[in-house]
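Residue-level structure breakdown
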Amino acid sequence: MKKYCLSVDIGASSGRLVLGNLEKGRLELEEVHRFGNEIIEKNGHFCWNIEALFDEIKSGVKKCGNLGIVPVSIGIDTWAVDFVLLDEHDQLLTDAVAYRDPRTDGVMEEVTEIFMKERLYLETGIQFQKFNTIYQLYALKKQQPELLEKAKTFLMIPDYLHFLLTGKKTNEYTNATSTQLINAFTRNWDKDIIRELGFNYEMFQEIKMPKTVLGPIKKELAAEFGFTMDVILPATHDTGSAVLAIPQLEDTIYISSGTWSLIGVENYFPICVTKALDYNFTNEGGMDYQFRFLKNIMGLWMIQEVRRNYSNRYSFSDLVELSKAVTETTALVNVDDSRFLKPENMVEEIQGYCMETGQKVPESPGEIAKCIFESLVNSYQRAVFEIEDIFEKEFKSINVIGGGSQNELLNQLIADTTKKEVFAGPVEATAIGNLVVQLIALGEIADIKEARRIVQQSFEVKKYVKSEVEKQGGVV
Ligand code: LFR
């Protein structure tokens, strides 16, 4: 009998339920359900529609039943940093406020007056981003202190969805590290930071590692689905799952490419040196206590927003084609400027930046898209330099994974700019990484090393090298 696991991977712009099973040493995937996700406005904040997301998960599970497939287990991953608080009756006290909400404007600066940046970095190894959970909690403490006082439970988004499935409360490690409240060395909640900031330590749950079998789904859900299954914790931070699906990491820098571009390397210990702090790299906790030494780059969010500004008249591939047709050199923007985090209108924000910096203002959709792609690659190039500077070595290749790895133009631009071999794929890296952890927990795969071998045998990876035109000194 084939053993199926079900991965639920929800990103900032879409979610999917993918079944996975091992067949003759290869991992087979079957997408059973896909749905959109977006930020909504609720009670004066930008939020996630968490109820709708849970409904989509249930619809997807039911589709498995319709296909006659009963998964042995299910595991959920999502983006990081966001959370909900529950009261003493396990009811929601807060909305699932999204990290792009301006409630944290200026808060990081306040917190880093209480804690020196160096101390926070030395203890947590986490990069400074205004939306980290630590700043969101501090914003809440200032703006709605009564909610924090009533809170009995802190759950991150996947923790909460797992709670809805099982009734069990836990904080999964990989995602918990993105709070900037986990000590990188004890790998547990940092009591000192939590208490000094005046958060209630008791609301944080026991940290559980990926591979933990949380338990069976609630009886009423089993009755609704017509079958039961276990919840097995994957790396619930989507980037943590994605990186597990990189076939080989030796001398390789990865870019997990989606709404964000996460660029970095896998590491066995956290690097909390001053240079890493200055470059603002993070040490996110990974499976088996590996660390992802990486940096967040604004990513395809900018293109997603541009599409929205043009009322979705252009598909992603339309924008790629239009940008290819632009022959003039383009203006460049600093994609990591926080003005691009959630501007009212991305097109106008880009144009404003170009105007203020005395560059030719991109006007057509093709020019805007070209400006975004080239600016992104410019930022990747800078991050590559920083990584090589910190590790004092050259990396041979770059492996782009995730949905963004389908963007051939971007892949080629990366190869041309960094002059490194670029490997693109697997596209469904996050779902794959989620599934392999469940399969390891079930004893179907020995460990991550074997999982990576299986990934290599199962999925297509395309190679890009510096183009000939570029080699001869022409323009891209
Ligand atoms: C990618 C991601 C990044 C995290 C950002 C915000 O989906 O999880 O790793 O920094 O979203 O949570």
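Residues numbered from 1 in each chain as written. Predicted model: local features only at pLDDT ≥ 70, side-chain atom pairs only at ≥ 80, totals over all residues.

Per an unreviewed UniProt entry, the chain goes by the name Rhamnulokinase and belongs to Planococcus shixiaomingii. Listed under Function (unreviewed entry) in UniProt, the entry text for the chain is "Involved in the catabolism of L-rhamnose (6-deoxy-L-mannose). Catalyzes the transfer of the gamma-phosphate group from ATP to the 1-hydroxyl group of L-rhamnulose to yield L-rhamnulose 1-phosphate." Annotation of the chain in UniProt includes, under Pathway (unreviewed entry), the sentence "Carbohydrate degradation; L-rhamnose degradation; glycerone phosphate from L-rhamnose: step 2/3." (UniProt positions renumbered as here; feature names shortened; annotations may be inferred.)

**So, the site of the ligand**
Taken together, 13 residues sit near the ligand, with Trp79, Ala80, Val81, Thr239 and Trp260 positioned nearest. Tallied by class, the residues present in the shell around the ligand amount to six nonpolar, six polar and one charged. In this structure, the shell around the ligand is formed jointly by two domains, domain 1 (5-237) and domain 2 (246-427 + 446-476), each of which donates at least three residues. (Near = placed C-beta within 6 Å. Nonpolar A, V, L, I, M, F, W, Y, C, P; charged D, E, K, R; others polar. Domains from an automatic or database assignment.)

**Details of helix α15 (residues 365-391)**
The first and last C-alpha atoms of α15 sit 39 Å apart over 27 residues, in line with the 39 Å expected at 1.5 Å per residue. After α15 finishes, the residue Glu392 shows a positive phi value of roughly 50 degrees. (Helix = DSSP H or I, 4+ residues; strand = E, 2+ residues; numbered from the N terminus. Expected span 1.5 Å × (residues − 1).)

**A look at the environment of Lys168**
Checked against the element boundaries, Lys168 lands in the loop between α6 (157-166) and β9 (171-172). Residue Lys168 is classed as partly exposed on the basis of its C-beta count, with 15 C-beta atoms lying within 10 Å. Put simply, Lys168 and Gly215 are 47 residues apart on the chain and 8.1 Å apart in space, counted from C-alpha to C-alpha. Discounting residues that sit within four places of it in the chain, Lys168 has contacts with Phe163, Leu214 and Gly215. (Buried ≥ 20, exposed ≤ 12 C-beta atoms within 10 Å, placed from the backbone. Contact = placed C-beta atoms within 7 Å.)

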